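Descriptive structure summary
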Amino acid sequence: MRFLLDAEQLAFSASLDAMLTAADTPSVIRDWSRGEHTSGRALWSRICEAGVFALAVPEEYGGLGARPVELAVAFVELGRHAVPGPLVETVAAAALLAGLDDTGPAKRLLPALASGESAASLTPGPYALDADMADVRLTVSDPPGAPQGAELRLAPPPGRPRPSLDPARRLFTLPAGGELLAAGPQVAESAAHGLTWGRLATAAQALGVGLALLDRTVAYVKQRSQFGVPIGSFQAVKHQLADAKIALEFARPVLLGAALTLAPADVAAAKVTACEAAYATARTALQLHGAIGYTAEYDLSLWLTKARALRTAWGGPRECRAVVVSGGDRRW
């Protein structure tokens, strides 16, 4: 089966690419890693104006309806340009809120998420991404002995950030407590739905990161010379780049197929395939760049660290493979 984007989807992808190319994202990323969000907020507004987050919000709450394929297309471009911020988390939060039986939290929070007035932080792990700039900080828990079961809360503001492999991914622990938004079995089911959307967006983002790393490395090996010729002419270099290219191209139909079905097992397979391809490409990029690839001042590092971080975000390879083997057990 061939998964080909239609003309409208290709135009959407090209428009995002043009907008992000003009935005000088490396400088935005470095500001963001220092906790300076002004330039990042401005870029966030432009992404929202393009309708990216509205693709995960139902029409009755100001969105464009659930459009996972278009969302995957958008997140490939966001990953290609290494855009910082709680992008995946906002999508996952929107999917979670849209799935609740109680429409109160959805009516209250989803319109602002769709328009870009608010950003959300939501994570299945112990840390919340960019919780210092997020207006909506959601936590899902299943307290022992709680009669109502799983709980969805608005968490209080966080403390200081924790060290992160990717400086542009600022991690925080959220204080316990906060306003109770919903409780009961529907919270666990909605959280599993949000997890699926989060993994899909992460897979697309990782694919974009891998494509950017490959493009930058191909350009570099054409410029760097050894023994009087570009190193890109060496067969060993060509083989490494070809392996990276094949892995990324194989990941693309897996991602688009998962976006069509939204089956948890399919999305988990896409997460593994795309993230492993991006991580392998990052290792190849680092090796072929040599010593300069290790320097934080060189822009390549912004994509290298993100490829490594996305590999374990929203479920690492072992966890996602277990979901595939189990046929789609969606535990938060």
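Before reading further, recall that the structure is shown in the block above.
Predicted model only: the values in this text are computed from it and were never measured. (Residues numbered from 1 in each chain as written. Predicted model: local features only at pLDDT ≥ 70, side-chain atom pairs only at ≥ 80, totals over all residues. Heavy atoms only, no water.)

Our focus in this paragraph is the overall build of the protein. What the protein contains, in helices and strands, is 11 helices and eight strands. Relative to the globule expectation of 20 Å for 332 residues, the C-alpha radius of gyration of the protein, 20 Å, shows essentially globular dimensions. Along the first, second and third principal axes, the C-alpha set of the protein runs to 70 × 45 × 40 Å. Burial analysis of the protein (332 residues in total) assigns 52% to the buried set. Counting only contacts in the protein whose residues sit at least 6 apart along the sequence, the fraction spanning at least 24 positions is 72%. (Helix = DSSP H or I, 4+ residues; strand = E, 2+ residues; numbered from the N terminus. Rg over C-alpha atoms; globule rule 2.2 N^0.38 Å. Buried < 20%, exposed > 50% of the residue type's maximum accessible area, 1.4 Å probe, protein only. Contact = heavy atoms within 4.5 Å.)

Looking now at the sheet that holds strand β1 (residues 120-121). Pairing within the open sheet is mixed, and its four strands lie in the order β1-β3-β4-β6. A single partner strand is all that each edge strand has here, and the edge strands are β1 and β6 (179-183). Across four bridges, the pairing between strand β4 (residues 151-154) and β6 is antiparallel. The residue bridging E151 from the neighbouring strand is A183, located in β6. (Pairing = 2+ DSSP bridges.)

This paragraph deals with the pairing of β4. Successive side chains on a regular strand alternate, one facing one side of the sheet and the next facing the other. Relative to β4, strand β3 (residues 136-141) runs antiparallel, the two sharing four bridges. Looking at β4, one finds that V140 is bridged to L152.

We now examine the state of the cysteines. Applying the stated criterion to the full structure yields zero disulfides. As a non-bridged cysteine, C320 has C275 as the owner of its nearest cysteine sulfur, 7.5 Å distant. (Disulfide = S-S within 2.5 Å.)

The tendency in soluble globular proteins is for nonpolar side chains to be buried side by side. In terms of nonpolar packing, the biggest core is built from 82 residues, with I47, F75, L138 and L152 touching the most fellow members. For this core, the leading source of residues is helix α7 (residues 185-223), giving 12 residues. Setting aside anything within four residues of it in sequence, one finds I47 in contact with M19, L20, V52, F53, L78 and V83. By size, the runner-up hydrophobic cluster in this structure holds 17 residues, among which are A82, A206, V209 and L302. (Core = buried A, V, L, I, M, F, W, Y, C linked by side-chain atoms within 4.5 Å.)

Our next topic: the pattern of salt bridges. Under the criterion given, the structure shown has 14 salt bridges. One salt bridge in this structure joins R170 and D132, with 3.2 Å as the shortest N-O distance. In this pair, R170 sits in the loop between β4 and β5 (171-172) while D132 sits in the loop between β2 (128-129) and β3, placing the two residues 38 residues apart along the sequence. Classification of R170 as buried rests on a relative accessible area of 14%. The exposure class assigned to D132 is partly exposed, which follows from its relative accessible area of 31%. In this structure, R153 engages E151 in a salt bridge whose closest nitrogen and oxygen atoms are separated by 3.1 Å. When salt bridges with common partners are traced through the structure, they connect D31, R34 and E36 into a single cluster. (Salt bridge = Lys/Arg side-chain N within 4 Å of Asp/Glu carboxyl O.)

Another point: the packing of aromatic side chains. One pass over the structure, following the stated rule, counts one aromatic pair. With a centroid separation of 4.8 Å and an interplanar angle of 25 degrees, the aromatic rings of W44 and F53 are classed as stacked. Note on accessibility: W44 and F53 belong to one class, buried. The cationic tip of R216 hangs over the ring face of W303; the distance from NZ or CZ to the ring centre is 4.1 Å. (Phe/Tyr/Trp six-rings, centres within 6.5 Å; stacked < 30°, edge-to-face > 60°. Lys NZ or Arg CZ within 6 Å of the ring centre and 35° of its normal.)

Here we take up unusual backbone geometry. Phi is positive for A82, close to 55 degrees, though the residue is something other than glycine. Tracing the chain through its elements places A82 in the loop between α4 (68-80) and α5 (87-98). Judged by relative accessible area, A82 falls into the buried class, the value being 0%. Phi angles above zero are rare outside glycine, and L262 is one such case at about 55 degrees.

A word on helix α1 (residues 7-21). Helix length check: α1 (15 residues) gives 21 Å between terminal C-alpha atoms against 21 Å at 1.5 Å per residue, within 8%. Looking only at α1, the buried set comprises Q9, F12, S13, L16, M19 and L20. Buried residues of α1 fall within an arc of 130 degrees about the axis and therefore sit on the same side. In α1, those exposed residues whose orientation departs by more than 90 degrees from the buried face are A7 and T21. On the buried face of α1, the contacting elements are α2 (25-33), α3 (38-49) and α4. Capping the start of α1 is the job of one residue whose side-chain oxygen sits 3.2 Å from the backbone nitrogen of E8: D6. (Expected span 1.5 Å × (residues − 1). Arc of directions from axis to C-beta. Polar contact = N/O pair within 3.5 Å; in protein donor to acceptor, adjacent residues only side chain to side chain.)

Right, let's get into the side chain of S13. In this fold, S13 is placed in helix α1. Here S13 falls in the buried class, since its relative accessible area comes to 13%. Those residues in contact with S13 that lie beyond four places of it in its chain are V73 and E77.

Turning next to helix α8 (residues 235-261). Spanning 27 residues, α8 covers 40 Å between terminal C-alpha atoms, matching the ideal 39 Å at 1.5 Å per step. Every buried residue of α8 is accounted for by V237, L241, A244, L248, A251, L255, L256, G257, A258 and A259. Buried positions along α8 lie against α4, α7 and α9 (264-289). Within two residues after α8, L262 carries a phi angle of roughly 55 degrees, on the positive side.

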